[in-house]
Amino acid sequence: MKFKVKNICCIGAGYVGGPTMAVIASNCPSIQINVVDRNIDRINSWNEEDLNKLPIYEPGLSDLVKKSRNINLHFSSDIESCISNADMIFISVNTPTKKKGIGAGQASDLRWIESCARKIGEHSKGSTIVVEKSTLPVKTAQTIKEILIAYEDKNSERNFSILSNPEFLSEGTAIKDLEQPDRVLIGGEDKDAIKALEDIYLNWVNEDRILTTDIWSSELSKLIANAFLAQRISSINSISSLCEVTQSNINNVSLAIGMDRRIGSKFLKSGPGFGGSCFKKDILNLVYICNHYGLYEVANYWEQVLSINDWQKKRITKKIVEKLFGTLSNKKITVLGFSFKSNTNDTRESPAIDICRDLLEEGCKLSVYDPKVKKNQIEKDLIFDKENISNLEIANSINKACINSDAIILITDWDEFYNLDFLELSKVMRNPRFIFDTRNIINAKDASNYGFRIWKLGDGIFQ
Ligand code: UDX
Ligand code: UDX
């Protein structure tokens, strides 16, 4: 049966659902889109008149919301009626790692996926295409299918087609990634449903970028893409430590190896370890699946990507303590950057969280500045006991964060940190003053001219 999609419902108004639907709405004016979420505060923020108050900071997103909101893009908490009016439903809810029970610490918690499937089963009408947008363990489509089949109405036209359409956007460049994707992947069995989803993308994506596969390969490809990307970062981070002890520089090494087209230049930037909602969760999931199938060597191999990532974060704190004469008590440390990467306000799995927690454990006072992360989010991520509250300060400028500070730790590569005003900072900081540059971005010679002692991750000269 041929589908012509007129009404989309997206369940989950998060970092994936929000931007994805804003881009579809902008490119498909004839389709009505309702983005729903069980979190009413989040929906209210999406409907804020002041576009600076949208729940997600993402370059270019507010312009798209301004263009389409209340025209063909709607944010609603009326989940049931939006489901029943939709002919295509995207599931874009989060799938965190299970905290307890079988597979705790590795497997994905699919409870939200299941509850979405049940809601869709209860409220949808006619023929409905259900699209998995969230990254899911292989064979989740089967679970969704089994739940939906139970709701299929044998006598009427109520039926479901399930597609996997994983989203590959990176936060911070989400709109660009969605507008010009390397590829759009659609997995499924029902050719008409695949065509209906393909037709939506064809409004702005070239045909040769749209790849259709079976559903399991599609689900698995998303996990593996993330595992490969994370593996590159752990590989380069492992070498950063070698550069530090051999008077070489990791940026030079990245450049040299990246010019080999077989290797490629992307994802070779060493740093404080990868963060974000996906990499760790997806690799844990991959490890869980491999163990489940008895592929223990494969599971161990991928687990190493995570071990190196944890080690990288830990060794940064160790280095700071060592350089600051073995103790942080009575010292103030300034942390510049708290989001897991630049151009997003997302802090999920940010290396800043682990590093700040370790520093607080060492007994220092901590002052944190981030251009986009809100004060209450930083507090939520860091406050784990009463002592922390008095040792933590959130500043609203670089300069204020550095007053009376002994050291700056640069954790996120926000543009404004590339050219720090060393003269101004030297006036407000204590002596001796240090900069720990975990992104290897500042001009160390300039900084040392203003009396800073420098440590740069992966740089064997400034150690
Ligand atoms: C991402 C990706 O979509 C996914 O691939 C990955 O597996 C997990 O994280 P993201 O959009 O970044 O999702 O997550 P988040 O910003 O947490 O948004 C999910 C939204 O779904 C939240 O706003 C949450 O309130 C909502 N939700 C969750 C529902 O509306 N219903 C539910 O049952 C569960
Ligand atoms: C990732 C994938 O890139 C994306 O395709 C998928 O859909 C979701 O997961 P995201 O986590 O949003 O996207 O951002 P990404 O740009 O991949 O960065 C992840 C982490 O790796 C960040 O902490 C970033 O700082 C770090 N990173 C990235 C490096 O340390 N070095 C690099 O060279 C690239």
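Refer to the structure presented above.
Reading the values: rules and limits
Residues numbered from 1 in each chain as written. Chains lettered and ligands numbered in written order. Predicted model: local features only at pLDDT ≥ 70, side-chain atom pairs only at ≥ 80, totals over all residues. Heavy atoms only, no water. Helix = DSSP H or I, 4+ residues; strand = E, 2+ residues; numbered from the N terminus. Rg over C-alpha atoms; globule rule 2.2 N^0.38 Å. Buried < 20%, exposed > 50% of the residue type's maximum accessible area, 1.4 Å probe, protein only. Patch = residues over 30% accessible without salt bridge, like charges linked within 9 Å, V, L, I, M, F, W, Y side chains within 5 Å. Areas by Shrake-Rupley, 256 points an atom, 1.4 Å probe, with all protein chains shown as cover. Salt bridge = Lys/Arg side-chain N within 4 Å of Asp/Glu carboxyl O. Pairing = 2+ DSSP bridges. Axes fitted to C-alpha atoms, helices over the stretch in contact; angles between N-to-C directions. Contact = heavy atoms within 4.5 Å. Near = heavy atom within 4 Å. Polar contact = N/O pair within 3.5 Å; in protein donor to acceptor, adjacent residues only side chain to side chain. Nonpolar A, V, L, I, M, F, W, Y, C, P; charged D, E, K, R; others polar. Phe/Tyr/Trp six-rings, centres within 6.5 Å; stacked < 30°, edge-to-face > 60°. Lys NZ or Arg CZ within 6 Å of the ring centre and 35° of its normal. Left-handed = near helix turned anticlockwise from the far one by under 90°.

Now for the overall build of the protein chain. Assigned secondary structure in the protein chain consists of 18 helices and 14 strands. Scaling as 2.2 N^0.38, a compact globule of 463 residues should have a C-alpha radius of gyration of about 23 Å, and the protein chain matches this with 24 Å. Along the longest, intermediate and shortest principal axes, the C-alpha atoms of the protein chain span 80 × 50 × 45 Å. Relative to its 463 residues, the protein chain shows a buried fraction of 54%.

The subject of this paragraph is a nonpolar patch on the surface. Together, Ile239, Leu242 and Val245 give the surface a local cluster of nonpolar side chains, amounting to about 280 Å² of exposed area. Judged by its relative accessible area of 65%, valine 245 falls in the exposed class.

Whether parallel or antiparallel, the strands of a sheet pair through hydrogen bonds between backbone atoms. The six strands are arranged 11-10-9-12-13-14 in an open sheet whose pairing can be described as parallel. Here the strands that pair on one side only, and so sit at the sheet edges, are strand 11 (392–394) and strand 14 (452–456). This sheet shows a mean twist of 20 degrees between the axes of neighbouring strands, independent of strand direction. Across four bridges, the pairing between strand 12 (residues 407–410) and strand 13 (residues 433–437) is parallel. Counterpart to alanine 407 in the pairing with strand 13 is phenylalanine 434. In this fold helix 14 (residues 375–382) packs onto strand 10 (365–369) and strand 11, with an angle of close to 160 degrees to the strand it touches most, strand 11.

Okay, the site of ligand 1 next. Surrounding ligand 1, one finds 19 residues, the nearest of these being Asp37, Arg42, Thr135, Lys281 and Arg348. Here an oxygen atom of ligand 1 sits 3.0 Å away from a polar atom, N or O, in the main chain of arginine 38. Contact with the protein chains removes 93% of the 690 Å² of surface that ligand 1 exposes when unbound. Of the residues that constitute the shell around ligand 1, the class distribution is four nonpolar, ten polar and five charged.

This part is about the packing of aromatic side chains. Under the definition given, this model contains twelve aromatic pairs. A centroid spacing of 5.6 Å and a plane angle of 40 degrees characterise the contact between phenylalanine 228 and tryptophan 302, whose relative ring orientation is tilted. Of this pair, phenylalanine 228 sits in helix 9 (residues 215–244) while tryptophan 302 sits in helix 12 (residues 296–323), and the two are 74 residues apart along the sequence. A residue is classified by how much of its surface remains accessible, and tryptophan 302, at 9% relative accessible area, is buried. Both rings, one in tyrosine 301 and one in tryptophan 302, keep their centres 5.2 Å apart while their planes meet at 85 degrees; by these two values the pair is edge-to-face. These aromatic residues form a ring-pair network of at least three members: Phe325, Phe434, Phe436 and Trp455. Here arginine 38 stacks its cationic end above the ring of tryptophan 112, 4.0 Å away from the centre of that ring. For lysine 222, the ring lying beneath its charged end belongs to phenylalanine 168, and the centroid distance is 5.8 Å.

The subject of this paragraph is helix 13 (residues 351–361). At 3.6 residues per turn, the α-helix brings residues three or four places apart onto the same side. For helix 13, a buried count of eight out of eleven residues is recorded, marking the element as mostly surrounded by other parts of the structure. Within the sequence span of helix 13, burial applies to Pro351, Ala352, Ile353, Ile355, Cys356, Asp358, Leu359 and Leu360.

Turning next to the site of ligand 2. Not every one of the 19 residues close to ligand 2 is listed here, only the nearest: Phe168, Glu171, Lys269, Phe340 and Lys341. The backbone of lysine 269 places a nitrogen or oxygen atom 2.7 Å from a nitrogen atom of ligand 2. Of the residues forming the shell around ligand 2, the biggest block, four residues, is contributed by helix 9. In terms of residue class, the shell around ligand 2 is made up of ten nonpolar, three polar and six charged.

The N-to-C vectors of helix 12 and helix 13 enclose an angle of 40 degrees; their axes lie 9 Å apart at closest approach. Crossing of helix 12 against helix 13: the hand is right-handed. Across the interface between the two elements, Lys313, Lys314, Ile316, Thr317 and Ile320 from helix 12 touch Pro351, Asp354, Ile355, Asp358 and Leu359 from helix 13. A class-by-class count of the residues in the contact of helix 12 with helix 13 yields five nonpolar, one polar and four charged.

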